[in-house]
Amino acid sequence: MGWIVALISGALMSIQGVFNTEITKQTSIWVSNSWVQFTALLVCLGAWLFKGRESFGKLMQVSPKYLLLGGIMGAFITLTVIMSMNTLGPAKAALLIVVSQIAVAYVIELFGLFGTQKVSFAWPKLLGLCLAIAGIIVFKWESS
C-alpha cells in the first residue's frame, strides 16, 4: 500500500506543480502560493471536522519546537516548485526535485537527523543516487 500511496503522491505533486505554475502566470507567485495554502487549510479543517477532532492545543506540546516549521516549509516548497517548473518545465523540474529529495532524505537517515532512525552507509544506495543524477544528465542531454 505504501508504494501506491507514494506513486499517487508523486503524481499529485507533478500535477499540482503544473496547475500552480499556470495560476501564477495569470496572477502572481504570492497570490498563487496563498491560494494553494488557503485551500489546503480548508481541506484539512474539513477533514478534521469529519474525521478527527483532536485538540489543536496538542501542538504546543510538540517537542522539539522546530518540528512546527513544516507549514512554513510547505509555503516555500510550493514557491520553489512553481519557480522551477516555470523555468525548467515540469519534467526537468520534477527530476531535479525528486533527486534532491532522495539525496537529502538519505543524508537525514545517515546521520539520524530530526529524530529519525540512523542507518548505516550503503554503497548500493549511493550508486542508486548517482544513477538518478546520471538520469538527469541523460534526460537533459536528450531534450536539448
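Residues numbered from 1 in each chain as written. Predicted model: local features only at pLDDT ≥ 70, side-chain atom pairs only at ≥ 80, totals over all residues. Heavy atoms only, no water.

Side chains of residues three or four places apart in an α-helix project in the same direction, reflecting 3.6 residues per turn. If you check helix H3 (residues 70-88), its first and last C-alpha atoms are 26 Å apart, about what 19 residues at 1.5 Å a residue would give, namely 27 Å. Looking only at H3, the buried set comprises Gly74, Thr78, Leu79, Val81, Ile82, Ser84 and Met85. Tucked into the core, H3 has its buried residues touching helix H1 (2-26), helix H2 (29-51) and helix H4 (90-111). Of the residues one or two after H3, glycine 89 is the one with positive phi, at around 95°. (Helix = DSSP H or I, 4+ residues; strand = E, 2+ residues; numbered from the N terminus. Expected span 1.5 Å × (residues − 1). Buried < 20%, exposed > 50% of the residue type's maximum accessible area, 1.4 Å probe, protein only. Contact = heavy atoms within 4.5 Å.)

Okay, the packing of H1 against H3 next. As a packed pair, H1 and H3 sit with axes 9 Å apart at the nearest point and diverge in direction by 80°. Judged by the inter-axis angle, H1 sits roughly perpendicular to H3. Contacts between H1 and H3 pair Met13, Ser14, Gly17, Val18, Asn20, Thr21, Thr24 and Lys25 from the former with Thr78, Val81, Ile82, Met85 and Asn86 from the latter. Partitioned by chemical class, the residues of the contact of H1 with H3 number five nonpolar, seven polar and one charged. (Axes fitted to C-alpha atoms, helices over the stretch in contact; angles between N-to-C directions. Parallel < 35°, antiparallel > 145°, perpendicular 65-115°, else oblique. Nonpolar A, V, L, I, M, F, W, Y, C, P; charged D, E, K, R; others polar.)

Right, let's talk about the pattern of salt bridges for a bit. Overall, the coordinates contain one salt bridge when judged by the stated rule. Between lysine 25 and glutamate 22 there is a salt bridge whose closest N-O contact spans 3.2 Å. Linking lysine 25 with glutamate 22, this pair stays in helix H1, spanning three residues, or about one helical turn. (Salt bridge = Lys/Arg side-chain N within 4 Å of Asp/Glu carboxyl O.)

Here the structure, examined in full by the defined rule, presents four aromatic pairs. Their ring planes at 65° and their centres at 5.9 Å tell us that tyrosine 66 and phenylalanine 114 sit as a pair that is edge-to-face. Residue tyrosine 66 is found in the loop between H2 and H3, and its partner phenylalanine 114 is found in the loop between H4 and helix H5 (123-143); the two are separated by 48 residues along the sequence. With 4.9 Å between their ring centres and 90° between their planes, phenylalanine 121 and tryptophan 123 make a pair best called edge-to-face. For the cation-ring pair, arginine 53 lies above tryptophan 48, with the distance from its terminal atom to the ring centre recorded as 5.6 Å. (Phe/Tyr/Trp six-rings, centres within 6.5 Å; stacked < 30°, edge-to-face > 60°. Lys NZ or Arg CZ within 6 Å of the ring centre and 35° of its normal.)

Okay, unusual backbone geometry next. Cis geometry marks the peptide bond from serine 63 to proline 64; its omega dihedral reads -5°. One non-glycine residue, arginine 53, lies in positive phi territory at about 85°. A relative accessible area of 53% means that arginine 53 is categorised as exposed. Its identity as a non-glycine residue notwithstanding, phenylalanine 114 has a phi of 60°, on the positive side.

Below, the discussion takes up the environment of valine 18. Mapped onto the fold, valine 18 is located in helix H1. Valine 18 sits 63 residues away from valine 81 along the chain, and the two C-alpha atoms are 8.9 Å apart. In this view, valine 18 contacts Met85 and Pro90; residues no more than four positions away in its chain are not counted.

Over its 23 residues, H2 runs 32 Å from end to end, which matches the ideal 33 Å to within 8%, given 1.5 Å per residue. Where H2 is concerned, the buried positions are Ser32, Asn33 and Val36. In this structure, the buried residues of H2 make contact with H1 and H3.

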